[in-house]
Amino acid sequence: MKVKKIAATAMIAAFTTITSHIIFVPVGLAKIFPVQHFANIVTAVLFGPTYALAQAFVVSVIRNLAGTGSFLAFPGSMIGAFLAGWLYTKTKRMEFAFLGEVIGTGVLGALAAYPIAELLFGQEAAIFGLVPAFALSSIAGAVMGYSLLKVIMKNRAIGGLLHENSTNHRRL
């Protein structure tokens, strides 16, 4: 089962990386990328916080190496992914995964990105410019991920398979 989770997480990371040069919105120093937040919430619900964090890290590294991301992607995507997975694991409710992604990326990730923006770019970054940009991106992506998960969970054939393998029904 662990190999299947790793493979699925890698496929989600690959999809996210491939779309990173197609779907992004440049906002000052940041390139907001709703598909990352979509991937974070899907990975968080299906596989938990560790896999979500790993997926966010891998995508951030590859996007930076490919020139389609910025260093600000690290704190935003990783904090949001982990918090979404952790809250889902604790509550077993996708609504809390949604909130974890939005708060983790939109607020905590933006606050963590502020000193990075100043250090790396040598500019006085406007913290109140990062929070709305990160929040809008995370809300858009989290809505897409939440909606997809809701539709998939209603489908008995697919939803049952995914639901049995989700963190909600993981046997320890």
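What you see is a predicted model, and the numbers here were worked out from it, not measured in a lab.

Engineer: So, the packing of helix α1 (residues 2-19) against helix α2 (residues 34-47): which residues are in play, and what are the values?
Structural biologist: Between two packed helices, what matters for the description is the angle formed by their axes and the separation of those axes. Their axes nearest at 9 Å, the elements α1 and α2 cross at an angle of 170 degrees. Accordingly, the angle class assigned to the pair α1 and α2 is roughly antiparallel. Taking contact as the criterion, the partners of Lys-5, Ala-8, Thr-9, Ile-12, Phe-15, Thr-16 and Thr-19 in α1 are, on α2, Val-35, Gln-36, Phe-38, Ala-39, Val-42, Thr-43 and Phe-47. Partitioned by chemical class, the residues of the contact of α1 with α2 number 8 nonpolar, 5 polar and 1 charged.

Engineer: Describe in detail the side chain of Thr-19, supporting the description with residues and values.
Structural biologist: Positionally, Thr-19 belongs in helix α1. Those residues in contact with Thr-19, other than ones at most four positions away along the chain, are Phe-33 and Val-35.

Engineer: Just give me the short version of a nonpolar patch on the surface, but keep the residues and values in it.
Structural biologist: Judged by side-chain polarity, Leu-99, Ile-103, Val-107, Leu-108 and Leu-111 come together as a nonpolar surface patch covering roughly 390 Å² of accessible area. Relative to the helices and strands, Ile-103 is located in helix α5 (residues 94-121). The partly exposed category is assigned to Ile-103, whose relative accessible area is 41%.

Engineer: So what's going on with the environment of Lys-5? Which residues, and what values?
Structural biologist: Note that Lys-5 resides in helix α1. Residues Lys-5 and Leu-46, 41 residues apart in the sequence, show an inter-C-alpha distance of 8.8 Å.

Engineer: I'd love a proper account of the packing of aromatic side chains, names of residues and values included.
Structural biologist: Within this structure, the stated rule accounts for 4 aromatic pairs. Measuring from centroid to centroid gives 6.0 Å for Phe-57 and Phe-74, while their planes differ by 55 degrees, and the two rings are tilted. Taken together, the residues span a long stretch of sequence, with Phe-57 in helix α3 (residues 49-66) and Phe-74 in helix α4 (residues 73-91) at a distance of 17 residues. Taking the relative accessible area as the measure of exposure, Phe-57 reaches 41% and is therefore partly exposed.

About the cut-offs
Residues numbered from 1 in each chain as written. Predicted model: local features only at pLDDT ≥ 70, side-chain atom pairs only at ≥ 80, totals over all residues. Heavy atoms only, no water. Axes fitted to C-alpha atoms, helices over the stretch in contact; angles between N-to-C directions. Helix = DSSP H or I, 4+ residues; strand = E, 2+ residues; numbered from the N terminus. Parallel < 35°, antiparallel > 145°, perpendicular 65-115°, else oblique. Contact = heavy atoms within 4.5 Å. Nonpolar A, V, L, I, M, F, W, Y, C, P; charged D, E, K, R; others polar. Patch = residues over 30% accessible without salt bridge, like charges linked within 9 Å, V, L, I, M, F, W, Y side chains within 5 Å. Areas by Shrake-Rupley, 256 points an atom, 1.4 Å probe, with all protein chains shown as cover. Salt bridge = Lys/Arg side-chain N within 4 Å of Asp/Glu carboxyl O. Buried < 20%, exposed > 50% of the residue type's maximum accessible area, 1.4 Å probe, protein only. Phe/Tyr/Trp six-rings, centres within 6.5 Å; stacked < 30°, edge-to-face > 60°.

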